[in-house]
Amino acid sequence: ASCRAASPPGTATAPPAADLVIELSQTHKAKPDLTNLVFGTVFSDHMLTIEWTSNGGWQKPHIKPFGNLSLHPACSAMHYAVQLFEGMKAYRDADDKVRLFRPMLNMNRMANSAERACLPAFDRAELVECIRRLVQVDLEWVPKSDSASLYIRPTFLGTEPSLGVKKPSRALLYVILSPVGSYFSTGAKPVSLWADSKYIRAWRGGTGDCKMGGNYGASIYAQYEAADYGCQQVLWLYGDDHQITEVGTMNMFLFWNNENGEEELATPPLDGIILPGITRQSILELTRKWGEFKVCERYLTMADLRCALKEGRVKEMFGSGTACVVSPVGRILYQGENLHIPCQDDFPQLASRLMKELTDIQHTDYSIEIHTRFISILSPLC
Ligand SMILES: *Cc1c(COP(=O)(O)O)cnc(C)c1O
C-alpha cells in the first residue's frame, strides 16, 4: 500500500484490489434455465464499480448489489460515446474449479481502448484481481456445465458532467456478469453472410481495433440490411479491392489451398481495422504449435475467395470470438451471387477440432505448457 500512496493521483497504479469494499446483496435472484437463455439478458446478483476523477485518481473498488447506475445527463459517454467494453468468460470444469481464459489479454486490449478513448490508465493486474473477487462472490452464477459459462462484461465510461468535447475529468469502470448457455444450443448451423462494401465497419485511423461501443451501435443498421437480404450476418469488406475483414462481431479465418497450392489457415493482419480477438490469437498460436499447415496473417479479397471457390481450393471458413469460439460460414451473398462455402456435416473438420481443443483448455486442466499458459486458476475458492 505504501508504494501506491507514493504515486500521484490518476496514475496507472490503481484501482487497488486490496481496498475492495464488498456489500453483499440481501436478496438472491433465481438462476435461469440455461437451455433457452438469450445471450446477455440475465445478470448475476453483484457488480463491480470503480470511479475515477482527475483530481482524486482511482477510488476504492466496490462490489455491490447489481443495480441501475445514476449518471449526469451531460455525461460524455452518452453524448460522445466516450465508452468501451470487454468480453470475457469464467468457466467451471468437472472438478468445480473456475477459470478465466487469458484475462490479461482482455486487460491489455481494454487498456489500449482506454488510451484511444482518452480514458484513464488502470493497473491491469489489479483489475483482474477485482474481477476475480467479483466472480468469487457470484460463484454460484458460473454454470455447472461444460457448454455454458459466465460472461464477464467490463465497461468503461467517460462520466464528464459537461458538454465540452474533451478528455473526461471523471470516469466509471464497472463489471457485470451474465450466465450464458451454449452458443450452439439449437445445434451448430453454418451462418450466411451478406458481403457488400456499402457500409464500412472500420477504417485506418479509426477505432475498429478498439472495443468501443460506437463501433457496434453504428453496425446495427447494416446487420438489418443483411437480414433483409436473407443473411444472418455482415461480412465486412474494406477498400476498392473488397478485402475481407471481419464477420459480424467475429474475426474471420479461411482454411484453403492458397494461390501456391499450399494448405493454409489465413486471417487478415492486425493493421488497425481488425479487432485483435483473443480467440483469434489463441487459434493462431494453437495451429502454429501444431505445425501441420501454413498459418498466415495476410490480406484476402473477395476476388481471391471467388477464384479459390471456383477452383475448389476452399476447405472451410469460420468466424472466431469469445461467445461462440468458432462459427462456420456456409454461404456468402456477394454481388447478387450466392457463394457456397464447403461445410461438411454443418461443422467442418478444422472448426470442430479448434472448438474442442479451445473448450477443453477453457474447461479442463492440462499440464501441457501452452494450456497452462492459457489458464488462470481462480481457486482456492473460499
Ligand atoms: C470482440 C470482437 C471479436 C472477438 O474477440 P475475442 O477476444 O476473440 O472475443 C472480433 N471482432 C470484433 C469486431 C469484436 O468486437
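Nothing here was measured: the structure is a model prediction, and the numbers come from that model.

### Points about the UniProt feature "modified residue: N6-(pyridoxal phosphate)lysine" (unreviewed entry) in the protein chain
- When the UniProt feature table is mapped onto this chain, "modified residue: N6-(pyridoxal phosphate)lysine" (unreviewed entry) is found at K211.
- Tracing the sequence through the fold places K211 in the loop between β10 (191–196) and α5 (213–217).
- The class for K211 is buried, based on 24 C-beta atoms found within 10 Å.
- Residues contacting K211, with those up to four places away along its chain left out, are L84, F85, E86, R109, S113 and L275.

### Observations regarding the domain arrangement of the protein chain
- Splitting the protein chain by domain gives domain 1 (2–180) and domain 2 (191–363).
- For domain 1 and domain 2, the distance between their C-alpha centroids amounts to 29 Å.
- Domain 1 puts 22 residues into the contact, and the matching count from domain 2 is 13 residues.
- Looking at the side of domain 1 that touches domain 2, the elements with two or more residues in it are β5 (83–85), β6 (88–92), β7 (98–101) and α3 (103–116).
- The element best represented in the side of domain 1 that touches domain 2 is α3, accounting for six residues.
- Residue composition of the side of domain 1 that touches domain 2, grouped by class: nine nonpolar, five polar and eight charged.

Conventions adopted
Residues numbered from 1 in each chain as written. Predicted model: local features only at pLDDT ≥ 70, side-chain atom pairs only at ≥ 80, totals over all residues. UniProt positions renumbered as here; feature names shortened; annotations may be inferred. Helix = DSSP H or I, 4+ residues; strand = E, 2+ residues; numbered from the N terminus. Buried ≥ 20, exposed ≤ 12 C-beta atoms within 10 Å, placed from the backbone. Contact = placed C-beta atoms within 7 Å. Domains from an automatic or database assignment. Nonpolar A, V, L, I, M, F, W, Y, C, P; charged D, E, K, R; others polar.

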